[in-house]
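Residue-level listing of the chains:
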Amino acid sequence: MALLKVAKLGDPILRENTQLVNLKNLNSPDGKLQLLIDNMIDTMRKEDGVGLAAPQVFESLRLVVIECSFNDRYSEAPNIPLTVLVNPSIKHYGEETAMGWEGCLSLKDLRGLVPRSTKITVDYFDREGNPISVNAEGFPAVVLQHEIDHLHGKVFLDRMSDLSQLSYLEEFEKYIAKKENS
Ligand code: NI
């Protein structure tokens, strides 16, 4: 396994629409796609991310990994078990939205306040190619919307309704997180 380089905002790969993964390639003898998935998981963990999308590691494929156990970057966040999503698509958005602070490994030192649906339904395939449909709500729903956006060339900045609510991490912790926790 290997750590992969993470694309930073401004790299054109982050603005591309990705290709569907050919499910046959999940079981191909060369093991390339399975290795990419393992390397994405390693990279997400090493970088303290709660999710990583393939374009963020320079692969224009519809592939996402998410996980949240204890995380230094999001210490308040609830647990999300490790999940590999191949060709995910959001089938349903609940009507309710909520604002939440997001960060991104491709915009590493920034935090922004983003409106997201609180409940979604996502269809995807697991890494063995089994079809799965999941209802997600709260934090996992936000992470999934953020990561699936990456598959369509979008970053959280594009979803912000008020760019005055954008902050560097250090200032976020100093002025905003403190206030919200007090
Ligand atoms: Ni991101």
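Before any of the text, the structure's been laid out above.
Residues numbered from 1 in each chain as written. Predicted model: local features only at pLDDT ≥ 70, side-chain atom pairs only at ≥ 80, totals over all residues. Heavy atoms only, no water.

Visitor: Account for the overall build of the protein chain, with residues named and values stated.
Guide: When its secondary structure is counted, the protein chain shows 4 helices and 8 strands. Secondary structure elements in the protein chain, listed N-terminal to C-terminal, are α-β-β-β-β-β-β-β-α-α-β-α. For 182 residues, the compact-globule estimate of 2.2 N^0.38 gives 16 Å, and the C-alpha radius of gyration of the protein chain, at 16 Å, lies within 12% of that figure. Oriented by its inertia axes, the alpha-carbon framework of the protein chain measures out at about 55 × 35 × 30 Å. Here the protein chain holds 182 residues, and the buried ones make up 48% of them. A separation threshold of at least 6 residues defines the contact pool for the protein chain, and within that pool the share at least 24 residues apart is 66%. As displayed, the protein chain has an accessible area near 9700 Å², and 51% of this comes from carbon and sulfur atoms. Side-chain charges in the protein chain split into 20 positive and 27 negative, and the spacing between the mean points of these groups amounts to 3 Å. (Helix = DSSP H or I, 4+ residues; strand = E, 2+ residues; numbered from the N terminus. Rg over C-alpha atoms; globule rule 2.2 N^0.38 Å. Buried < 20%, exposed > 50% of the residue type's maximum accessible area, 1.4 Å probe, protein only. Contact = heavy atoms within 4.5 Å. Areas by Shrake-Rupley, 256 points an atom, 1.4 Å probe, with all protein chains shown as cover. Lys, Arg positive; Asp, Glu negative; His and termini not counted. Charge placed at Lys NZ, Arg CZ, Asp CG, Glu CD.)

Visitor: Can you explain the layout of surface pockets? Please cite residues and give values.
Guide: Taken as a whole, the second largest pocket holds about 270 Å³ of empty space. Together, 14 residues line the second largest pocket, and K32, L33, L36, E59 and L61 are the ones closest to its centre. (1 Å grid on protein atoms, 1.4 Å probe; cavity = no way out; pocket = protein on both sides within 12 Å on 5 of 7 lines; lining within 4 Å. Points joined across faces, edges and corners; volume = space filled by probe spheres on them.)

Visitor: Any chance you could break down the pairing of strand β7 (residues 131–137) for me, citing the residues and the numbers?
Guide: Judged from the 7 bridges that link them, strand β6 (residues 119–125) and β7 form a sheet pairing that is antiparallel. Bridging across to β7, I120 finds its partner in A136. What sits between the antiparallel neighbours β6 and β7 is a turn of 5 residues, in which G129 has the positive phi angle 95 degrees. (Pairing = 2+ DSSP bridges.)

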